[in-house]
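# Summary of structural features
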Amino acid sequence: MSPASTLWTATAAAKATGGVHHGAWSVSGISIDTRTLHPGDLFVALSGPSFDGHDFAAEALDNGASAIMVSRVPTALDADVPMLLVSDTLRALEDLGRAARARSSARIIGVTGSVGKTSVKEALKLVLGAQAPTTANDGSLNNHWGLPLSLARMPESARYGVFEMGMNHPGEIEPLSRMARPDVAVVTAVEAVHKAHFDSVEGIADAKAEIFTGVVDGGIAVLNRDNHQFDRLARATKESGVGRIIDFGRHEDAVVRLIGADTTATGSVVRALVDGDEQDYRLNVPGDHWVINSLCVLAAVVAVDGDISLAAQSLAEVIAPKGRGRRSDIDLRDGGTFGLIDDSYNASPVSMAASFAVLGGARIGPGGRRIAVLGDMLELGDESALLHAALLQPLRRNGIDLVFTAGPAMSHLFDALPADMRGGHADDSKALTPQVTAAVRAGDVVTVKGSAGSRMGVVVQALHALDVNQGGAPGAGSGD
């Protein structure tokens, strides 16, 4: 393994974790799952309530892992296999993450928010990656093990690091931020999500504001000036000692301000004033929320002293992340095509409305319909039934023709739908799937959306299976 591809040596990993290494190994990556492990990885044997990674250590070595990190030697292995023996594998993974952060000279951006954080993180990874070596979380590895894993994967050569931080309870973001020690803390927006665990939206804002606690001295906050919690977040930055706020939005005083946007079914041409300079750029993802996401991205680029003009040009290359509005065209076996917008990873009242707006603006074919296939929005607390039924208004406003629903909470929406909008309802996504696949036809555009726990990806997979090519090419769509 060449020095350039070495992420951790046995000596460095042992020093970072306080563990004992067997062998003089080096690794090029880190994995916690044998199904996604790459040859050359360090396999970390994490344990949970229903699994023990130590049971898969031998498989990891068989699959090409260069070493394993364990808290005990698995019985199926010899004691002299390449390994790092630690007292606790999760704690050791955290230690690796902290050590990776400590040795790095990269500018670190932490991203959180009720909506848009994964989309903004992926867009930042793309636009900054066009300027210098950039690392970021894979997917949504944004929790108490996903963040240290992502940090530990950060190569020393990285110039920028972009790390998403998620939560659904108070107190979860602060330890993540203190571990990542961001130079820039981004809060995309604060909305009424996870209400089952919070007494108020203000409580959600306070939980998001925990990201400021880990910001380095002289660090910067990037905030949505249009969000109703802006003032509360701004006060929290001062209390945490954050040195500067770079705000974005339509507000006339925003550092990154929207001048105008010409929107179409496939994207937008945006005009923005960025730190005093006008920027004109193209987005090939549709929806007003993506226009706002792009302002947030540019504000973060300002915060890390990146090339603003190059970043604005690079925004044309952004696509919606998987499960957050990515579009495919499905070629049917009996002829014709329908559009599929996969927004199945997450859902809240705000992101539902954004998704319906994209669907409402989508071009349909002759005889086609705009179809929404919706799973439960979770963690909404006592207002869940009301908030689900209230989705009727944005559905009607955006001209959605047919609605399929899955789950007990979505039954409240289905009961509120007029008869001509009712596509079908089932107790869960698996039971709903045959109704949806039987109903779609050429010319339709279908959006599938729901909280991750609603498992609406089952419907997406079934709709892709209708494709004569077994999956259309990804394109643009809405994103949470």
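First, a word on what this report is: a plain description of the structure on this page. (Residues numbered from 1 in each chain as written. Predicted model: local features only at pLDDT ≥ 70, side-chain atom pairs only at ≥ 80, totals over all residues. Heavy atoms only, no water.)

What the rule picks out here adds up to 15 salt bridges. A salt bridge links Asp206 to Arg232, with the nearest nitrogen and oxygen atoms 2.8 Å apart. Placement of Asp206 in helix α7 (residues 201-208) and of Arg232 in helix α8 (residues 230-240) is noted, with a sequence separation of 26 residues between them. Note that Asp262 and Arg271 form a salt bridge whose closest N and O atoms lie 3.3 Å from each other. Judged by its relative accessible area of 27%, Arg271 falls in the partly exposed class. (Salt bridge = Lys/Arg side-chain N within 4 Å of Asp/Glu carboxyl O. Helix = DSSP H or I, 4+ residues; strand = E, 2+ residues; numbered from the N terminus. Buried < 20%, exposed > 50% of the residue type's maximum accessible area, 1.4 Å probe, protein only.)

Quick look at the environment of Asp247 now. Following the sequence through the fold, Asp247 ends up in strand β15 (residues 244-249). Looking at Asp247, the relative accessible area reads 6%, which means it is buried. Asp247 sits 144 residues away from Leu391 along the chain, and the two C-alpha atoms are 30 Å apart. For Asp247, the contacting residues outside a window of four places in its chain are Leu223, Arg225, Phe230, Asp253, Ala254, Val255 and Val256. Separated by 2.7 Å, the side chains of Asp247 and Arg225 make a polar contact. (Contact = heavy atoms within 4.5 Å. Polar contact = N/O pair within 3.5 Å; in protein donor to acceptor, adjacent residues only side chain to side chain.)

The subject of this paragraph is the packing of helix α4 (residues 117-129) against helix α9 (residues 288-303). Remark: α4 packs on α9, axes separated minimally by 10 Å, with the N-to-C direction vectors making an angle of 50 degrees. The orientation of α4 with respect to α9, classified from their angle, is oblique. Here α4 runs over α9; the crossing is right-handed. The segment α4 lies against α9, with Ser119, Val120, Ala123, Leu124, Val127 and Leu128 engaging Trp290, Asn293, Cys296, Val297, Ala300 and Val301. Taken together, the residues that form the contact of α4 with α9 break down as ten nonpolar, two polar and no charged. (Axes fitted to C-alpha atoms, helices over the stretch in contact; angles between N-to-C directions. Parallel < 35°, antiparallel > 145°, perpendicular 65-115°, else oblique. Left-handed = near helix turned anticlockwise from the far one by under 90°. Nonpolar A, V, L, I, M, F, W, Y, C, P; charged D, E, K, R; others polar.)

Okay, the sheet that holds strand β8 (residues 67-70) next. Ordered by their spatial adjacency, five strands build an open sheet running β2-β9-β8-β5-β4, and the pairing between neighbours is mixed. The outermost strands of the open sheet, each flanked by one partner alone, are β2 (20-22) and β4 (29-31). Adjacent strand axes in the sheet meet at a mean angle of 20 degrees when their direction is disregarded. In the sheet, β2 pairs with strand β9 (residues 83-85) via three bridges, with the strands oriented antiparallel. When the bridges of β9 are listed, His21 appears paired with Leu84. The sheet strands contacting helix α3 (residues 89-103) are β4, β5 (41-44) and β8, and the helix crosses β8 at an angle near 120 degrees. (Pairing = 2+ DSSP bridges.)

Where helix α16 (residues 457-464) is concerned, the buried positions are Val459, Val460, Ala462 and Leu463. The buried residues of α16 occupy one face: seen down the axis, they fall within an arc of 165 degrees. Contact partners of the buried residues in α16: β19 (326-331), β20 (337-343), β21 (370-375), α15 (429-439) and β24 (445-449). (Arc of directions from axis to C-beta.)

The strand order across the open sheet formed by six strands is β19-β20-β24-β21-β22-β23, and the pairing between neighbours is mixed. Two strands lie at the open edges of the sheet, namely β19 and β23 (422-426), each paired on one side alone. Neighbour-to-neighbour, the strand axes of the sheet open up by a mean angle of 15 degrees, direction not taken into account. Note that β19 and β20 share six bridges and pair antiparallel. Bridging from a neighbouring strand, Ile330 pairs with Phe338 of β20. Each of β19, β20, β21 and β24 is contacted by α16, which is oriented at about 155 degrees to β20, the strand it contacts most.

Our next topic: α3. Spanning 15 residues, α3 covers 21 Å between terminal C-alpha atoms, matching the ideal 21 Å at 1.5 Å per step. Buried within α3 are the following residues: Thr89, Ala92, Leu93, Glu94, Leu96, Gly97, Ala100 and Arg101. Of the residues flanking the start of α3, the one acting as N-cap is Asp88, its side-chain oxygen 3.1 Å from the backbone nitrogen of Leu90. (Expected span 1.5 Å × (residues − 1).)

So, about the pairing of β21. Note on strand geometry: in a regular strand, side chains alternate between the two faces of the sheet. Burial within β21 is extensive, with six of its six residues counted as buried. Every second residue of β21 is oriented toward a common face, with Arg370, Ala372 and Leu374 on one face and Ile371, Val373 and Gly375 on the other, all of them buried. Bridging between β21 and β24 involves five bridges; their strand directions are parallel. Each residue of the ladder has a partner; that of Ala372, found in β24, is Thr447. Here five bridges tie β21 to strand β22 (residues 402-406), and the two strands are oriented parallel to one another. Bridging from a neighbouring strand, Leu374 pairs with Thr405 of β22.

No statement about biological role is implied by the geometric values presented.
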